[in-house]
Amino acid sequence: MPSSHQRKGTSVETSTSARRLFLIGSEASKAMSPDLWNPVLRKMTIGWSYEAWDVPAGASMAEVRAKLLETDVVAANVTMPHKQWAAGAGETVTDPVRLSGAANLLVRHEKQLEAHNTDITAVTALHGDRSERHAVMFGAGGAARATLVALKDRVDHVSIADRDSEASRQLLELAARLGMDASETTWDGAQRQALRASLIVNATPLGKNRQDGPVWGMAGLADDAMVYDFVYAKHVTASIASAKEQGLRYADGWDHLREQAAAMVPVLGLPPQTGLLLERTLATIHGGSAAVGPI
């Protein structure tokens, strides 16, 4: 990976032809980001647009990178399964990207890309200053990597479970590099451990379908538990519904979407009022309320 370099006060490519923002992912066209950003960009009358770009796993990422270096491109958000690719695609990377090995934002500066991770910023903001005795991580992709970095020095032990054993192994290696006490467990094992944990993280797509149950199963959680669910959907996910019923602290995918979008504003050199416009637009999309859960 390129060496870490944090630019101070950078702005995006200033060419008047730079006007396109992208979301890159295997199911980008199903994501909410274009619906969030485009109304805001229209109100700002700066001539930018935000497009979804479906890039399946196994696609030619060299072609993707070449497209992102075209002069009409401002930046691209990156979602699963390409966040680890994005970390290596930048000539310069921020410290959070270097630590996590994942990026969710590539900003073009002439013929180079700069990699950022606003997922980490969002998790840090929503998790707050809690200290965790035991975190159970369902999923081991880019969102899980961001969470692990955000939890550094704030958790006694992390249990990791993923259907992909190689992904679990890589996340375990990241935990070791961060100096964290972590162990791999089976999915069933993680569900059992979640019942006693202080933090349960759903970094999987489980919950997108209405019939999906809570990621840990149907049992009750510890009184001091917090649930962090990366999934956002038109319905309340079962994991968040259960957290609410139990009176627990939580952050859902809508909270995360809002915070990571707000973190993009200074990176893209946009005026501060952009954050308020994003919050209002997200509230409209989400049914009139962008309130954070009780965290």
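Placed above this text is the structure.
Note that this is a predicted model, so its numbers are computed, not measured. (Residues numbered from 1 in each chain as written. Predicted model: local features only at pLDDT ≥ 70, side-chain atom pairs only at ≥ 80, totals over all residues. Heavy atoms only, no water.)

### Considering the overall build of the protein
Then, in step 1: In terms of helices and strands, the protein carries 11 helices and 12 strands.
Then, in step 2: Since a compact globule built from 295 residues should have a radius of gyration of about 19 Å, the 19 Å found for the protein is in line with a globular shape.
Then, in step 3: Expressed as lengths along the three principal axes of its C-alpha atoms, the size of the protein is roughly 55 × 40 × 35 Å.
Then, in step 4: Long-range pairs, those at least 24 residues apart, make up 71% of the contacts in the protein between residues at least 6 apart in sequence.
Then, in step 5: Averaging the coordinates of the 30 positive side-chain charges in the protein and doing the same for the 33 negative ones gives two points 3 Å apart. (Helix = DSSP H or I, 4+ residues; strand = E, 2+ residues; numbered from the N terminus. Rg over C-alpha atoms; globule rule 2.2 N^0.38 Å. Contact = heavy atoms within 4.5 Å. Lys, Arg positive; Asp, Glu negative; His and termini not counted. Charge placed at Lys NZ, Arg CZ, Asp CG, Glu CD.)

### Concerning the packing of aromatic side chains
Then, in step 1: What the rule picks out here adds up to five aromatic pairs.
Then, in step 2: Geometrically, the ring pair formed by Phe22 and Trp53 is tilted, given 5.4 Å between the ring centres and 55 degrees between the ring planes. Linking Phe22 in strand 1 (residues 20-25) with Trp53 in strand 2 (residues 49-54), this pair joins segments that are 31 residues apart in sequence.
Then, in step 3: Here Phe138 and Trp187 contribute two aromatic rings whose centre-to-centre distance is 5.0 Å and whose plane-to-plane angle is 65 degrees, an arrangement assigned as edge-to-face. (Phe/Tyr/Trp six-rings, centres within 6.5 Å; stacked < 30°, edge-to-face > 60°.)

### Some thoughts on the environment of Gly269
Then, in step 1: Relative to the helices and strands, Gly269 resides in the loop between helix 10 (253-267) and helix 11 (273-285).
Then, in step 2: Sequence separation between Gly269 and Asp212 is 57 residues; the distance between their C-alpha atoms is 39 Å.

### Notes on the side chain of Arg108
Then, in step 1: Mapped onto the elements, Arg108 comes out in strand 5 (residues 105-109).
Then, in step 2: A distance of 2.7 Å separates a polar atom in the side chain of Arg108 from the backbone oxygen of Val73.
Then, in step 3: In this structure the side chain of Arg108 is engaged in a polar contact, spanning 3.1 Å, whose partner is the backbone oxygen of Glu110. (Polar contact = N/O pair within 3.5 Å; in protein donor to acceptor, adjacent residues only side chain to side chain.)

### Some thoughts on the pairing of strand 10 (residues 199-202)
Then, in step 1: Every second residue of strand 10 is oriented toward a common face, with Leu199 and Val201 on one face and Ile200 and Asn202 on the other, all of them buried.
Then, in step 2: Strand direction decides the pairing type here: strand 7 (residues 135-138) and strand 10, joined by four bridges, are parallel. Looking at strand 10, one finds that Val136 is bridged to Ile200.
Then, in step 3: Relative to strand 11 (residues 226-229), strand 10 runs parallel, the two being bridged by four bridges. Its bridge partner lying in strand 11, Val201 is registered against Tyr228. (Buried < 20%, exposed > 50% of the residue type's maximum accessible area, 1.4 Å probe, protein only. Pairing = 2+ DSSP bridges.)

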